[in-house]
Amino acid sequence: MKTFYCCLSLLLIYGICHDSLAKEPPTEEELELKQHPRLVSSRDFAALDEELETRFWHDKAQSILADKLSHHKALNENRAKNIILFLGDGMSVHTIAATRAHLGDSNKQVYFEKFPYVGLSKTYAIDERTPDSASTATAYLSGVKGNYGTIGVNAEVPRRDCLAATNTSTHTQSIAQWAQEAGKWAGLVTTARVTHASPAGVYAHTAERDWEDDQTIEKHGCSAELNTDIARQLVEGSVGKDLRVILGGGRAKFRDQTKHDEEGILGERSDGRDLIEDWKNEKTERGQRGEYVWSLKGLSQLDLSKTDYLLGLFDASHCPYHGDRQRSHLEYAEPSLSDMTEAALKVLSRSEEGYFLFVESGRIDMAHHATLAHKALEDTQEFANAIELARDLTNEEDTLIVVTSDHSHTMSINGYPYRRQNIYETAPNLADDELPFTILSYANGPGFKQTYNEQIGRLDLSHVNTENVDFEFQATVPLSSETHGGEDVAVFASGPKEHLFSGNYEQSTIPALMAHAANIGPFAEDKLKN
Ligand SMILES: [Zn+2]
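Only a predicted model underlies this, so the values are computations on that prediction, with no experimental measurement involved. (Residues numbered from 1 in each chain as written. Predicted model: local features only at pLDDT ≥ 70, side-chain atom pairs only at ≥ 80, totals over all residues.)

**Some details on the UniProt feature "binding site: Zn(2+)" (unreviewed entry) in the protein**
Now for step 1: The residues that UniProt annotates with the feature "binding site: Zn(2+)" (unreviewed entry) are Asp-89, Asp-365, His-369, Asp-406, His-407 and His-484. Maximum C-alpha separation among the annotated residues is 14.4 Å over a sequence range of 396 residues, consistent with a single clustered spot.
Now for step 2: Its place among the elements puts Asp-365 in helix H14 (residues 363-369).
Now for step 3: What makes Asp-365 buried here is the crowd of 30 C-beta atoms within 10 Å.
Now for step 4: The residues contacting Asp-365, other than those within four sequence positions of it, are Asp-89, Gly-90 and Ser-133.
Now for step 5: Structurally, His-484 can be placed in strand S15 (residues 484-485). (UniProt positions renumbered as here; feature names shortened; annotations may be inferred. Helix = DSSP H or I, 4+ residues; strand = E, 2+ residues; numbered from the N terminus. Buried ≥ 20, exposed ≤ 12 C-beta atoms within 10 Å, placed from the backbone. Contact = placed C-beta atoms within 7 Å.)

So, in structure tokens, the structure goes:
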């Protein structure tokens, strides 16, 4: 019996080896065809007549060329009175390209792609090749690279070190501080919690991005007496308490765990404090009009022309995804990113010396982490809407708008989809196992369960509705949360000194360029080293 199995396995091995030996390597022509397969033309593909002509493309290039020449002839060398930094969290170049398809065709432009100057920023952290939103916030807001997970401190502070960040010499200054010191107003808007990593870069200094409330600091074995949590820094810190506009989510970080908020959700603090009350009292003590709102209704009822300080916390945690906000009819309860941006500009535009505003679309990143590509692209579309609104409400002559991202994600556009094919479908060609695969897919993440199953092997998506907004796109490697990507992200600029933003540079250069355009902080004209 033993001999039988031995012979059988030998035969099997011989069979496998023989089979692979017998296969001739593909010819050059076969290889070419595999690399660039000829696909049967799409049912719904119809060429736009004008695109068939050489003249159409030359005319298009002529108009872009004329535009570029006019920009170069008259560089916008004005001083930026106002600066708005728009941050699409996790908005990789792939995300922007896929959003064009989400808008209906590859030839569409996502609004900010129209900006005249584009650059690339290198996003690595001091200790990690692929960074997070904390270390990158330090870079694009204060011009210094730090360690992964830390905010507003230089790289002398290791992540979650209980003491290092209590030494204020490690603290970096954000462009919001430079703006405030120059007499400008500053504010922040986000669809994430206002204490989350990106917005915290505007006003906080911490060794750990998760220290949004006192309870988490204690849970990590550090002292909430020595380390001030991020919510407290927003209300009490020198930059935080002077922010004219704070709009986003995250009420729970401001209230005690024994207290319910306006919507009945418990707070997360353990020090018994109500930081929202403290914020209001501090403004009253200063004789200023500070308004706190927690709903879209509250926001729309305010007279923003008379509001000196505005705090809007519209959710206990993050604001909903933009698409979900509409699908769940939350648009009557919570403001969109565009609504918040508009309100912020109404308050800040009253500043005679100008302003710095930070606007984050915080949930593009979270949708990618969940491999929910559809929601990531819906949020990117709304991000573009908010930018268009801001450009319309301001003047290119005195307001610099910069649009960028903190880091990339692992989503890519795969297969050979037809020109106007729905980006959420599967590719027109099948894989070598004769099974379909999604056009958008991730290198890793929870979407692995749409890719592979131990019993069945590769899953057949032929009858799965991949267009469903809750469909998790395919991923090669199983991970409960998809990771960030390590490649460069784009920087788009429009307004004074827009031309400085072209090229490839460290992410930490961004605040230097913005501050120089506004002539503030350590990069003002008179501070420059030759
Ligand atoms: Zn992330």
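**Looking at the confidence of the model for the protein**
Detailed conclusions should not be drawn from predicted coordinates in areas where pLDDT is low.
Now for step 1: Across the protein, the average pLDDT comes to 94, with 94% of residues at 70 or higher.
Now for step 2: Taken together, the stretch residues 1-20 has pLDDT below 50 and engages in zero contacts with residues farther than four places along the chain or on a different chain. (pLDDT = per-residue confidence, 0-100.)

**Some thoughts on the packing of helix H13 (residues 337-348) against helix H15 (residues 373-393)**
Now for step 1: For the pair H13 and H15, the least separation of the axes is 8 Å and the interaxial angle reads 25°. Relative to H15, the element H13 is oriented roughly parallel. Judged by the sense of rotation from one axis to the other, the crossing of H13 with H15 is right-handed. The segment H13 lies against H15, with Leu-337, Ser-338, Thr-341, Glu-342 and Leu-345 engaging Glu-382, Phe-383, Asn-385, Ala-386, Leu-389, Ala-390 and Leu-393.
Now for step 2: Looking at the contact of H13 with H15 residue by residue, the classes come out as seven nonpolar, three polar and two charged. (Axes fitted to C-alpha atoms, helices over the stretch in contact; angles between N-to-C directions. Parallel < 35°, antiparallel > 145°, perpendicular 65-115°, else oblique. Left-handed = near helix turned anticlockwise from the far one by under 90°. Nonpolar A, V, L, I, M, F, W, Y, C, P; charged D, E, K, R; others polar.)

**With respect to the sheet that holds strand S10 (residues 411-413)**
Now for step 1: Taken together, three strands build an open sheet; the order of strands is S10-S11-S14 and the sheet is mixed. Of all strands in the sheet, those with a lone pairing partner are S10 and strand S14 (475-478), marking the two edges. Here the average twist between neighbouring strands, direction ignored, is 20°.
Now for step 2: Two strands pair when backbone bridges link them, and strand S11 (residues 440-445) and S14 are joined in this way by three bridges, in the parallel orientation. Residue Asn-444 lies in a different strand from S14, and its bridge partner there is Val-477.
Now for step 3: Packing of helix H4 (residues 93-102) onto the sheet brings it into contact with S10 and S11, and relative to S10 it is tilted by some 45°. (Pairing = 2+ DSSP bridges.)

**Concerning the environment of Thr-394**
Now for step 1: Looking at where Thr-394 falls in the secondary structure, it is placed in the loop between H15 and strand S8 (399-405).
Now for step 2: Between the alpha carbons of Thr-394 and Gln-326 there is a distance of 27 Å; along the sequence they are 68 residues apart.
Now for step 3: Ignoring any residue separated from it by four or fewer positions in sequence, one finds Thr-394 in contact with Asn-82 and Thr-399.

**Comments concerning the pairing of strand S2 (residues 117-122)**
Now for step 1: Here S2 shows a clear split, with Tyr-117, Gly-119 and Ser-121 buried on one side and none of Val-118, Leu-120 and Lys-122 buried on the other.
Now for step 2: Bridge analysis of S2 against strand S16 (residues 489-494) gives five bridges, and the strand direction is antiparallel. Looking at S16, one finds that Val-118 is bridged to Phe-492.
Now for step 3: Examined bridge by bridge, S2 and strand S17 (residues 503-506) share four bridges and lie parallel to one another. Following the sheet pairing, Lys-122 is matched in S17 by Glu-506.

**Side note on the nonpolar core**
Now for step 1: With 118 residues, the main nonpolar core has Ile-83, Phe-86, Val-245, Ala-344, Ile-387, Val-402 and Met-514 as its most contacted residues.
Now for step 2: The element that contributes the greatest number of residues to this core is H15, accounting for eight residues.
Now for step 3: When residues of this core are sorted by domain, at least three fall in each of domain 1 (78-410 + 488-527) and domain 2 (420-482).
Now for step 4: Residues in contact with Ala-344, not counting those within four places in the same chain, are Gly-187, Val-189, Val-245, Leu-247 and Leu-357. (Core = buried A, V, L, I, M, F, W, Y, C linked by C-beta atoms within 7 Å. Domains from an automatic or database assignment.)

**Some details on the UniProt feature "active site" (unreviewed entry) in the protein**
Now for step 1: According to UniProt, the "active site" (unreviewed entry) feature falls on Ser-133.
Now for step 2: Inspection of the secondary structure puts Ser-133 in helix H5 (residues 133-142).
Now for step 3: Judged by C-beta crowding, with 26 C-beta atoms within 10 Å, Ser-133 ranks as buried.
Now for step 4: Not counting residues up to four positions away in its chain, the partners in contact with Ser-133 are Asp-89, Ala-197, Ser-198, Asp-365 and Asp-406.

**Let's talk about the domain arrangement of the protein**
Now for step 1: With domains assigned, the protein is organised as domain 1 (78-410 + 488-527) and domain 2 (420-482).
Now for step 2: Computed from C-alpha atoms alone, the centre-to-centre distance between domain 1 and domain 2 is 33 Å.
Now for step 3: Opposite the 15 residues of domain 1 that make contact, domain 2 presents 18 residues.
Now for step 4: When grouped by side-chain class, the residues that make up the side of domain 1 that touches domain 2 number five nonpolar, eight polar and two charged.

**Quick notes on unusual backbone geometry**
Now for step 1: Positive phi is not limited to glycine here, since Lys-497 has a value of about 60°.
Now for step 2: Tracing the chain through its elements places Lys-497 in the loop between S16 and S17.
Now for step 3: By C-beta crowding, Lys-497 is classed as buried, having 21 other C-beta atoms within 10 Å.
Now for step 4: Here Asn-519, not a glycine, exhibits a phi torsion of approximately 60°, which is positive.
Now for step 5: As for its placement among the helices and strands, Asn-519 is situated in the segment after helix H16 (510-518).

**What to know about the pairing of strand S3 (residues 185-193)**
Now for step 1: Burial runs high along S3: nine of the nine residues are buried.
Now for step 2: As paired elements, S3 and strand S7 (residues 355-361) share six bridges and run parallel to each other. Looking at the pairing, Trp-185 lines up with Tyr-355 of S7.
Now for step 3: With four bridges joining them, S3 and strand S4 (residues 245-249) adopt parallel strand pairing. Among the inter-strand pairings, Gly-187 is bridged to a residue of S4, identified as Val-245.

**A short note on helix H10 (residues 275-285)**
Now for step 1: Within the sequence span of H10, burial applies to Leu-275, Ile-276 and Trp-279. Down the axis of H10, the sector holding all buried residues measures 110°, keeping them to one side. Of the exposed residues in H10, the ones pointing more than 90 degrees away from its buried face are Asn-281, Thr-284 and Glu-285.
Now for step 2: Tucked inside the fold, the buried residues of H10 contact helix H9 (230-236), strand S5 (290-293) and strand S6 (309-313). (Arc of directions from axis to C-beta.)

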